[in-house]
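Here is what each chain is made of, one letter per residue.
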Amino acid sequence: MQLFPQPLHAGDQFSVDVEVLLPETVRTEDLDGVRVTLTTSANGSHSSAVGPGGLDQQLRARFHWIAQLPETSGTVVFTLTLELPPNIVDPNPANNVAVLSAQLHPRDTLSPPEPAARWALTETTGFRVHYLTGSAAERDLDRILEDAYAAHGEVAAQLGEPDDPIDIYLIDRVIGQGGYASSGWVVVSYTDRRYAPVTLSSVFKHELVHRLDAAVGCDGAPPWLREGLAVYVAGGHYRPEPVREKAAALLGTTHYIPLDSLSRGFYTHQHEAAYLEAGAIVQFIVEDWGWDTLLTVCETVSSAGEDEQVNADDQARWNSIVAAMGYSNTRALEEAWQLWLRAKAIDPRTRSMLELELALMDAMRTYQAAYDAPAHFLEGILFSPEDGRRLDIVADFVRRPRTPAAIAIELVLAMAQEAVEQQDSVLLALLLEELDLALGLGTERSALVQDAVRITELALAQGQEPYRLVVQADRRFLVYTLDRAAWPLQNLLSARRVGGDWDLATVELVH
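Residues numbered from 1 in each chain as written. Predicted model: local features only at pLDDT ≥ 70, side-chain atom pairs only at ≥ 80, totals over all residues. Heavy atoms only, no water.

Colleague: I tried to follow the nonpolar core on my own but got confused; where do I start?
Modeller: Soluble globular proteins tend to bury their nonpolar side chains together. Ranked by size, the top nonpolar core spans 116 residues in total, and within it Ile168, Leu170, Phe204, Leu225, Phe284, Trp337 and Leu428 carry the most contacts. The contact partners of leucine 170, leaving out residues within four places of it in the chain, are Trp119, Val129, His130, Tyr131, Leu132, Ala137, Ile144, Val188 and Phe204. The next biggest cluster of nonpolar side chains, apart from the first, holds 24 residues, and it includes Leu8, Val34, Ala61 and Leu82. (Core = buried A, V, L, I, M, F, W, Y, C linked by side-chain atoms within 4.5 Å. Buried < 20%, exposed > 50% of the residue type's maximum accessible area, 1.4 Å probe, protein only. Contact = heavy atoms within 4.5 Å.)

The structure is reproduced here in structure tokens:
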């Protein structure tokens, strides 16, 4: 069971996600009547149907913002009961009830900017930007609007202007890799401690493509084609990058995903490899066959998806794409695709850097799974910000881990993301070694992470929350912080070793 938001505070409008284990003989069509009842010591009973949920499509029962927790701190007890219809024989009915408890923290212990955060809105040509008051997004709103406007113009020039303004929601925490979207809105993570590879312009473009791909008939396409189109139009996944060259670098590595496999269970493959290949296959179609062929492929597979029987069969949809491109079978397409990739000269450093980058992103998700489960994209609930704004809910869009250990790991992850941007493979490899130790054996096993923990503890004691560390000579650090009493005011500290501990001193921040 997973509770949202985390950690729970008194007065929260809470949600619950329950992963359900059923007998192996149960098929999807047998799920009618399978339900989970949730009873709390504070809010009575609630019931939810069981079905495939999340990007990994595991069997789940989900309770979205079902009730408000008590206004006073204390312990809340949750009782979960799995209810099965008569047609399902349960060999072990004794495990159908689970009782768990959770501690409610006082509301006066909430971290900024949440206590005063409210949804706000600004409008300009083509889109509406929703943000949280008191957040980094509000502080940097003018620059964000410039980036959003430029991204909107580039995507609209290729896919066409939308009939209605696009709603962009800026949230003050990382969820998934930094963004998600629906047909009605786009969510972008915007926070100072940037441990996810969020290049604002690229994320805007990527998510805007998802909002506008109906204009080219791709809104009914399978995930790999929709995500590939977004990567292609944005000029890269998280940042501008040579998509074809990096996809070619995957060949010959264990990360390479054959196209036939890529077309099935897209979101369950290694995330960055899958998106990179998807973007490259779209580039392959456009460069070798033309934009019109891509539109034909989108139209063909979207039409196939209208047939419920075909839509249920990923392989049938994939075969329709292969035929639309003029290939006799998947093997012929795979051979042509790999030939196209091999025609691109690869710098050996590209392959080694790519391996490190994939390892970093896996480490980031390991951190999320261990410290911030709601942020892990496969299982977490991707809450609708539109509903959150309507219900005046901000917690699920701002609350995140704020312990010294979590902050320290995020700081080192952010350092590693900067190393990727600078293409510094030596530094990146060293940082990954430290992250592997901290995430696998505990923060105390990594000297760097332990230093970051101690620096964070000292900064928090001064009312400052670190969001960026920069290594200097003689094991000194520049420590970029946010003033917790005047959030999101940015400050700069210097950290240096004095005896056996760290000493923090204020440095004048030049804007």
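Colleague: Any chance you could explain the pattern of salt bridges here in plain terms?
Modeller: As enumerated under the stated definition, the model contains 34 salt bridges in all. Salt bridges linked by common partners bring Arg139, Asp140, Arg143, Asp147 and Asp192 together as one network. (Salt bridge = Lys/Arg side-chain N within 4 Å of Asp/Glu carboxyl O.)

Colleague: Looking at this model, I keep getting lost on the state of the cysteines. Mind explaining?
Modeller: Cysteine pairs can be covalently joined through their sulfur atoms, and such a bond is termed a disulfide. The final tally for this structure, using the stated rule, is 1 disulfide. Two residues share a disulfide in this structure: cysteine 218 and cysteine 298, whose sulfurs sit 1.6 Å from each other. Pair noted here: cysteine 218 is in the loop between α3 (200-212) and α4 (223-234) and cysteine 298 is in helix α8 (residues 291-305), with a separation of 80 residues, a long-range link. As far as burial versus exposure is concerned, cysteine 218 and cysteine 298 are alike and both buried. (Disulfide = S-S within 2.5 Å. Helix = DSSP H or I, 4+ residues; strand = E, 2+ residues; numbered from the N terminus.)

Colleague: Mind showing me how you'd approach the environment of isoleucine 166 here?
Modeller: Mapping isoleucine 166 onto the fold places it in strand β11 (residues 166-171). Exposure remark for isoleucine 166: the relative accessible area of 0% places this residue in the buried category. Each C-alpha atom, one on isoleucine 166 and one on glycine 126, is 6.4 Å from the other, the two residues being 40 residues apart in sequence.

Colleague: Got a minute to help me understand the sheet that holds strand β16 (residues 490-498) in this structure?
Modeller: Within a sheet, adjacent strands bond to each other through the backbone by hydrogen bonds, running parallel or antiparallel. Spatially, the 4 strands line up as an open sheet ordered β14-β15-β16-β17, and their pairing is antiparallel. The open sheet has two edge strands with one neighbour each: β14 (464-471) and β17 (501-507). Taking the axes of each pair of neighbouring strands and ignoring which way they run, one obtains an average angle of 35° across the sheet. Both β16 and β17 contribute to a ladder of 7 bridges, which runs antiparallel. Within β17, the position partnered with leucine 493 by the bridge is threonine 506. (Pairing = 2+ DSSP bridges. Axes fitted to C-alpha atoms, helices over the stretch in contact; angles between N-to-C directions.)

Colleague: Any chance you could explain the pairing of β16 here in plain terms?
Modeller: The side chains of a regular strand alternate, first on one face of the sheet and then on the other. Bridge analysis of strand β15 (residues 477-483) against β16 gives 6 bridges, and the strand direction is antiparallel. Bridge pairing links threonine 481 to asparagine 491 in β16. Between the end of β15 and the start of β16, which pair antiparallel, lie 6 residues. Taking the residues between adjacent antiparallel strands as the criterion, β16 and β17 are bridged by 2 residues, where glycine 499 takes a positive phi near 65°.

Colleague: Looking at this structure, I do not really get α3. What am I missing?
Modeller: Because each turn of an α-helix spans 3.6 residues, side chains separated by three or four positions in sequence point in the same direction. The end-to-end C-alpha distance of α3, which contains 13 residues, comes to 18 Å, matching closely the 18 Å that a straight helix rising 1.5 Å per residue would cover. Judged by how many residues are buried, α3 sits mostly within the fold: 12 of 13 residues are covered. Restricting attention to buried positions, one finds in α3 the residues Leu200, Ser202, Val203, Phe204, Lys205, His206, Glu207, Leu208, Val209, His210, Arg211 and Leu212. Taken together, the buried residues of α3 touch α2 (141-159), β11, β12 (179-181), β13 (185-189), α4 and α7 (271-289). (Expected span 1.5 Å × (residues − 1).)

Colleague: Help me understand the side chain of histidine 206, please; the structure alone is not making it clear to me.
Modeller: Tracing the backbone through its elements, the reader meets histidine 206 in helix α3. Histidine 206 gets classed as buried once you look at its relative accessible area, which sits at 6%. A distance of 3.3 Å separates a polar atom in the side chain of histidine 206 from a polar atom in the side chain of histidine 210. Beyond its immediate sequence surroundings of up to four residues, histidine 206 is in contact with Glu227, Ala230, Val231, Ala234, His237 and Tyr275. (Polar contact = N/O pair within 3.5 Å; in protein donor to acceptor, adjacent residues only side chain to side chain.)

Colleague: What exactly am I supposed to notice about the sheet that holds strand β3 (residues 35-40) here?
Modeller: Strand order in the open sheet formed by 4 strands is β4-β3-β7-β8, and the pairing between neighbours is antiparallel. Each having just a single partner strand, β4 (44-49) and β8 (97-104) make up the two edges of the open sheet. Recorded for the sheet is a direction-independent mean angle of 20° between the axes of neighbouring strands. Pairing analysis gives 6 bridges linking β3 to β4, with the strands arranged antiparallel. Paired with threonine 40 across the strands is glycine 44, a residue of β4.

Colleague: I'm lost on the environment of valine 297 in this one. Help?
Modeller: If you trace the backbone, valine 297 turns up in helix α8. Once residues within four sequence positions are removed from consideration, valine 297 is found in contact with Leu225, Ile321, Ala324 and Met325.

Colleague: Please clarify how a nonpolar patch on the surface should be interpreted in this entry.
Modeller: Residues Val77, Val97 and Val99 make up a contiguous nonpolar surface patch of roughly 240 Å² in combined accessible area. Inspection of the secondary structure assignment puts valine 99 in strand β8. (Patch = residues over 30% accessible without salt bridge, like charges linked within 9 Å, V, L, I, M, F, W, Y side chains within 5 Å. Areas by Shrake-Rupley, 256 points an atom, 1.4 Å probe, with all protein chains shown as cover.)

Colleague: Is there a simple way to think about the packing of aromatic side chains in this case?
Modeller: Here a ring pair, both rings aromatic, is described through the centre-centre distance and the interplanar angle of the planes. Evaluation of the coordinates by the stated rule reveals 18 aromatic pairs. Seen from their ring centres, tyrosine 180 and tryptophan 185 are 5.8 Å apart, and the 85° between their planes marks the pair as edge-to-face. For tyrosine 180, a relative accessible area of 6% corresponds to the buried category. Taken together, a centroid distance of 5.3 Å and an interplanar angle of 45° make the contact between phenylalanine 266 and tyrosine 275 tilted. Note on accessibility: phenylalanine 266 and tyrosine 275 belong to one class, buried. Taken together through their ring pairs, the aromatic side chains of Phe4, Trp65, Trp119, Tyr169, Phe383 and Phe397 make up a single cluster. (Phe/Tyr/Trp six-rings, centres within 6.5 Å; stacked < 30°, edge-to-face > 60°.)

Colleague: Please clarify how the packing of α7 against helix α11 (residues 330-342) should be interpreted in this entry.
Modeller: In a pair of packed helices, the angle between the axes and the distance between the axes together describe the arrangement. Between α7 and α11, the shortest axis-to-axis distance is 11 Å and the interhelical angle comes to 90°. As summarised for this structure, α7 and α11 are arranged roughly perpendicular, according to the angle between their axes. Two secondary-structure elements touch here, α7 through Glu277, Ala280, Ile281, Gln283, Phe284, Glu287 and Asp288 and α11 through Leu333, Ala336, Trp337 and Trp340. The residue inventory of the contact of α7 with α11, partitioned by class, reads 7 nonpolar, 1 polar and 3 charged. (Parallel < 35°, antiparallel > 145°, perpendicular 65-115°, else oblique. Nonpolar A, V, L, I, M, F, W, Y, C, P; charged D, E, K, R; others polar.)

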